[in-house]
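If you want the building blocks of each chain, they are given just below.
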Amino acid sequence: MALVVNGQLWLPNEILTAIFVAASPTTLANLACISRRFKTVAERILYSSVHIVDSIAPESPTPWKTYRWCESVLKRLNHVDIMRRVHIRWQSDGSPPPLPQYFVAFCERLGESLHYLTFLDSLELQLGPANRVSPLSREPMHAVERVLQRRRFPYLQSCSIGADYTKGGAQSYTHVLVNFLAAHPGLQHLKIPDHHAALNLPIAALHQLSTFRGSPDTAASLLPGRSIQYLALNGSDSDLIRVLPIMAQCAPLPILYLDLSSISARIALLRSVATYLPTVETLRIRLALRHTLHYAFTGIVSTNLFSPSSYPPSNLSNFY
């Protein structure tokens, strides 16, 4: 209900929020400059869901957007109760990145800011080139782990973490990742695309996990004792063929959705999936062209092989 005070139209904050919520971040920033009241309403909307993309290049190696957001959070601790979603991505243009030590201070500053966001329910940290290292040297921990060490988010449901990966040119994860995941039993959606080994988690950890995206070896280690029914896997098809028998034996629930679009798959993989995961209802796959053409000409592949239902179920909005 609108009121008239001193001849001026006055709207409750709830109505202003309903009006402002459809505005773009730029518009909200402009509205915040009009008055203190508008600033209060606009900032609560702006900070409730943050999506930051920083481009990292030799001429501009600093993630300035992330750094400024960190400084803003520390100045607005009265808003931490409404900060629910933080998605930060550092992208490289492919040029040689700075030495990994360059990013240490930024990772630690980001961790300090996240420390106060105890109401987070969705977190994405894709730190691009920050984790690249020389094959002759190693860091004590992964760049993402520098951010997450000793952090805990009691309401976290979706977590997507990682960085650029090159074999022999990236720091591997350590026990810090295992400790972080074990401290978040409410996680339902997890993505770790650059982890290519088993996760040695306690069997009782992540008992609510239902979706996972990452490597076949990590997926196989997560399945026992957990209700995972939606998988999106990366890596090589030979790795997946190797662990499929293990996945079939240790999955307590049937796998319903399987996304293999990040794998250049051969026909042999399809055969293995049909053998070991016959319960799959939705399959997304990207076939290796030369193998597909070979089998197509021999009549093994038909136009009825793929279901038109090649998209994830609608309830997977948080399944990255």
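Residues numbered from 1 in each chain as written. Predicted model: local features only at pLDDT ≥ 70, side-chain atom pairs only at ≥ 80, totals over all residues. Heavy atoms only, no water.

Per an unreviewed UniProt entry, the protein goes by the name F-box domain-containing protein and belongs to Candolleomyces eurysporus.

Undergrad: I'd love a proper account of the packing of helix 9 (residues 237-250) against helix 10 (residues 267-276), names of residues and values included.
TA: At a minimum axis distance of 10 Å, the contact between helix 9 and helix 10 shows a crossing angle of 10°. Looking at the two axes, helix 9 sits roughly parallel to helix 10. Along the contact surface, helix 9 presents D237, L240, I241, L244, P245 and A248, while helix 10 presents A268, L269, S272, V273 and Y276. Grouping the constituent residues of the contact of helix 9 with helix 10 by class yields nine nonpolar, one polar and one charged. (Axes fitted to C-alpha atoms, helices over the stretch in contact; angles between N-to-C directions. Helix = DSSP H or I, 4+ residues; strand = E, 2+ residues; numbered from the N terminus. Parallel < 35°, antiparallel > 145°, perpendicular 65-115°, else oblique. Contact = heavy atoms within 4.5 Å. Nonpolar A, V, L, I, M, F, W, Y, C, P; charged D, E, K, R; others polar.)

Undergrad: How would you summarise the UniProt feature "transmembrane region" (unreviewed entry) in the protein if you had to cite specific residues and measurements?
TA: The UniProt record annotates "transmembrane region" (unreviewed entry) at residues 15-34. Secondary structure content for residues 15-34 is 65% helix and 0% strand, while the C-alpha to C-alpha distance between its ends is 17 Å. (UniProt positions renumbered as here; feature names shortened; annotations may be inferred.)

Undergrad: Tell me about helix 9, residues and numbers included.
TA: The terminal C-alpha atoms of helix 9, which comprises 14 residues, lie 20 Å apart, in line with the 20 Å expected from a rise of 1.5 Å per residue. Of all the bends in helix 9, the greatest, near 40°, is centred on V243, and the proline P245 appears no more than four residues after it. D237, L240, V243, L244, M247 and C250 are the residues of helix 9 that are buried. Taken together, the buried residues of helix 9 touch helix 8 (216-222), strand 9 (230-233), strand 10 (257-265) and helix 10. (Expected span 1.5 Å × (residues − 1). Bend = angle between axes of the 7 residues up to and from the residue. Buried < 20%, exposed > 50% of the residue type's maximum accessible area, 1.4 Å probe, protein only.)

Undergrad: Just give me the short version of unusual backbone geometry, but keep the residues and values in it.
TA: Unusually for a residue other than glycine, R150 sits at a positive phi of about 65°. With respect to the helices, strands and loops of the structure, R150 is situated in the loop between helix 6 (143-148) and strand 6 (158-162). Here L206, not a glycine, exhibits a phi torsion of approximately 55°, which is positive. Turning to its location among the elements, L206 is positioned in the loop between strand 7 (189-192) and strand 8 (211-214).

Undergrad: How would you explain the side chain of N234 if you had to name every residue and give the values?
TA: In this fold, N234 is placed in the loop between strand 9 and helix 9. When its relative accessible area of 13% is taken as the criterion, N234 is described as buried. A polar atom in the side chain of N234 sits 3.3 Å from the backbone oxygen of P193. A polar atom in the side chain of N234 sits 3.4 Å from the backbone nitrogen of S215. What N234 contacts, discounting residues up to four positions off in sequence, is P193, H196, G214, S215, P216, S262 and I263. (Polar contact = N/O pair within 3.5 Å; in protein donor to acceptor, adjacent residues only side chain to side chain.)

Undergrad: Summarise the environment of H189; cite the residues concerned and give the values.
TA: Structurally, H189 can be placed in strand 7. Sequence separation between H189 and Y230 is 41 residues; the distance between their C-alpha atoms is 9.4 Å. One polar contact links H189 to T211, side chain to side chain, over a distance of 2.7 Å.

Undergrad: Residues and numbers for the packing of aromatic side chains, please.
TA: Taken as a whole and assessed by the stated rule, the structure comprises eight aromatic pairs. With 5.9 Å between their ring centres and 85° between their planes, W64 and Y67 make a pair best called edge-to-face. Separated by three residues within a single helix, W64 and Y67 lie in helix 4 (residues 64-75), roughly one turn from each other. W64 gets classed as partly exposed once you look at its relative accessible area, which sits at 44%. The class of Y67 is partly exposed, set by a relative accessible area of 31%. Centre to centre, the rings of F119 and Y155 are 5.7 Å apart; their planes meet at 5°, and the pair counts as stacked. Here Y155 lies in the loop between helix 6 and strand 6 and F119 lies in the loop between helix 5 (101-114) and strand 5 (122-126), a separation of 36 residues in the sequence. Taken together, the ring pairs connect W64, Y67, W90, Y102, F103 and F106 into an aromatic cluster. (Phe/Tyr/Trp six-rings, centres within 6.5 Å; stacked < 30°, edge-to-face > 60°.)

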